Amino acid sequence: MATQLTSAGIQGHEVVSPNEWIASRKELLRKEKEFTRLRDELSRQRRELPWEKVEKQYVFDGPNGKETLADLFDGRSQLIVYHFMFGPGWDEGCPSCSFLADHFDGSLAHLANRDVTLVVVSRALRAQIEAFKKRMGWHFKWVSSFGNHFNRDYHVSFTKEELAKGKVPYNYDTVAFGAEEGPGASVFYKDPSGDVFHTYSAYARGLDILVGAYNFLDLAPKGRDENGLAFSMAWVRHHDKYAQGYVVDPKAQYVAPKGSGSSCCSEEHQS
């Protein structure tokens, strides 16, 4: 006979015998294995997408001076670019992009040994980037795309005219978006002759898989615990802004970084 357990944040959850628990867990395991196989198949199809050759010559401002897109590969054949929401004049980078970036440093050596270079790109000026990167304690390579059309071409920066119309080209659609910058990830391949190809880009919740903390939260009884918040990532802070006893105000709206003139995370882009 099942009994009910009541605890803070979880009301009336079912409690069963060990044998009943194992039976339920095995049924969920069956579904988890099915999901894993589906994910493997989706990953295979992602790798089979056709490529497009990158014809433009993008030049970035990096720690080694001016660098082309081909230079960013750093001797490897595969490049993953994270489009970090940090615009010119902003006092700091987007909190949600920072949440993702907290996961990057630990992966760098592993990716490098699988022929992959990870680089972060923003439109903020180099001095802004370096100051914020130092504050956050990050070590990954981060370059500025200020002055080129890279962000525009990969649909993560929007003009005032586009924003004034109420909709912008984002996530392979035309959507309402309240920010001059958007998050995303783009993947490139460089062949032995030096030609560069764009193989994949993902935006919005297509980036969920990059957030290790979310994967841990999905294992926990409360999950992501974002229901009832003004927007899904309302609880996220820069990691140096979580105070002891921190409590989320569920009604709090997003406060944009100073200098951005717009909100970067308050829009609900769920698909």
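Here the structure is a predicted model, which is why all the values come from computation and not from measurement. (Residues numbered from 1 in each chain as written. Predicted model: local features only at pLDDT ≥ 70, side-chain atom pairs only at ≥ 80, totals over all residues. Heavy atoms only, no water.)

Caption draft 1: Spatial organisation of the overall build of the chain. Of regular secondary structure, the chain possesses 7 helices and 12 strands. Summarising its shape, the C-alpha atoms of the chain cover approximately 70 × 40 × 35 Å along the three principal directions. Within the span of the chain, comprising 271 residues, buried residues form 37% of the whole. Taking as baseline every contact in the chain between residues at least 6 positions apart, the subset at least 24 positions apart corresponds to 60%. The average position of the 33 basic charges and that of the 36 acidic charges among the side chains of the chain differ by 2 Å. (Helix = DSSP H or I, 4+ residues; strand = E, 2+ residues; numbered from the N terminus. Buried < 20%, exposed > 50% of the residue type's maximum accessible area, 1.4 Å probe, protein only. Contact = heavy atoms within 4.5 Å. Lys, Arg positive; Asp, Glu negative; His and termini not counted. Charge placed at Lys NZ, Arg CZ, Asp CG, Glu CD.)

Caption draft 2: Layout of the layout of surface pockets. Its volume calculated, the largest pocket comes out at about 1,700 Å³. Forming the boundary of the largest pocket are 43 residues, of which Arg39, Ser43, Arg46, Ile209 and Leu210 lie nearest the centre. Mapped by element, the contributors of at least two residues to the lining of the largest pocket are α1 (18-47), β6 (78-83), β7 (116-122), β11 (184-190) and β12 (196-203). For the lining of the largest pocket, the leading source of residues is α1, giving 11 residues. (1 Å grid on protein atoms, 1.4 Å probe; cavity = no way out; pocket = protein on both sides within 12 Å on 5 of 7 lines; lining within 4 Å. Points joined across faces, edges and corners; volume = space filled by probe spheres on them.)

Caption draft 3: Here's a closer look at helix α4 (residues 126-136). Buried within α4 we find Arg126, Gln128, Ile129, Phe132, Lys133 and Met136. All buried residues of α4 fall inside an arc of 155 degrees around its axis, so they share one side. For α4, exposure combined with an orientation more than 90 degrees from the buried face picks out Ala127, Ala131 and Lys134. Where the residues of α4 are buried, they touch β4 (59-62), α2 (95-101), β7 and β8 (141-144). A positive phi of about 75 degrees marks glycine 137, the residue just after α4. (Arc of directions from axis to C-beta.)

Caption draft 4: Focus on the packing of aromatic side chains. The full count for this structure, using the stated rule, is 29 aromatic pairs. Judged by centre distance (6.2 Å) and plane angle (85 degrees), the ring pair of phenylalanine 158 and tyrosine 170 falls under edge-to-face. Of this pair, phenylalanine 158 sits in the loop between α5 (150-153) and α6 (160-165) while tyrosine 170 sits in strand β9 (residues 168-170), and the two are 12 residues apart along the sequence. Assigned by exposure class, phenylalanine 158 and tyrosine 170 land together as buried. On the numbers, 5.0 Å between centres and 55 degrees between planes, the contact of tyrosine 170 with phenylalanine 177 is tilted. Just as tyrosine 170 is buried, phenylalanine 177 falls in that class too. Among the aromatic residues, those joined into a ring-pair cluster are Tyr82, Phe84, Phe86, Phe104, Phe132, Trp138, Phe140 and Trp142. Across from the ring centre of tyrosine 214, 4.0 Å away, lies the NZ or CZ of arginine 224, which sits over that ring. (Phe/Tyr/Trp six-rings, centres within 6.5 Å; stacked < 30°, edge-to-face > 60°. Lys NZ or Arg CZ within 6 Å of the ring centre and 35° of its normal.)

Caption draft 5: Spotlight on the pattern of salt bridges. Following the criterion strictly, the structure yields 18 salt bridges and no others. Glutamate 180 serves as the salt-bridge partner of arginine 123, at 3.7 Å between the closest nitrogen and oxygen. Highlighted residues: arginine 123 in the loop between β7 and α4 and glutamate 180 in the loop between β10 (173-175) and β11, separated in sequence by 57 residues. Relative accessible area serves as the criterion here: at 16%, glutamate 180 is assigned to the buried category. The partner of arginine 126 in a salt bridge is glutamate 130, and the shortest N-O contact between them spans 2.7 Å. In this pair, arginine 126 and glutamate 130 both sit in helix α4, 4 residues apart, roughly one turn of the helix. (Salt bridge = Lys/Arg side-chain N within 4 Å of Asp/Glu carboxyl O.)

Caption draft 6: Local environment of the nonpolar core. Ranked by internal contacts, the top residues of the largest apolar core, which has 56 residues, are Leu69, Tyr82, Phe84, Trp142, Phe150 and Phe188. Of all the elements in the fold, those that place two or more residues in this core are β6, α2, β7, α4, β8, β9, β11 and β12. (Core = buried A, V, L, I, M, F, W, Y, C linked by side-chain atoms within 4.5 Å.)

Caption draft 7: Main features of the side chain of arginine 126. Overall, the relative accessible area of 14% leaves arginine 126 in the buried class. Separated by 2.7 Å, the side chains of arginine 126 and glutamate 130 make a polar contact. Those residues within four positions of arginine 126 in sequence are excluded, and the remaining contacts are Asp61, Gly62, Pro63, Trp142 and Ser144. (Polar contact = N/O pair within 3.5 Å; in protein donor to acceptor, adjacent residues only side chain to side chain.)

Caption draft 8: How the structure looks around the side chain of serine 122. As for its position among the elements, serine 122 is in strand β7. A distance of 2.9 Å separates a polar atom in the side chain of serine 122 from the backbone oxygen of phenylalanine 84. A polar contact of 3.0 Å, which involves the side chain of serine 122, links it to the side chain of tryptophan 142. Residues contacting serine 122, with those up to four places away along its chain left out, are Phe84, Phe86, Ile129, Trp142, Val143, Ser144, Ser145 and Phe146.

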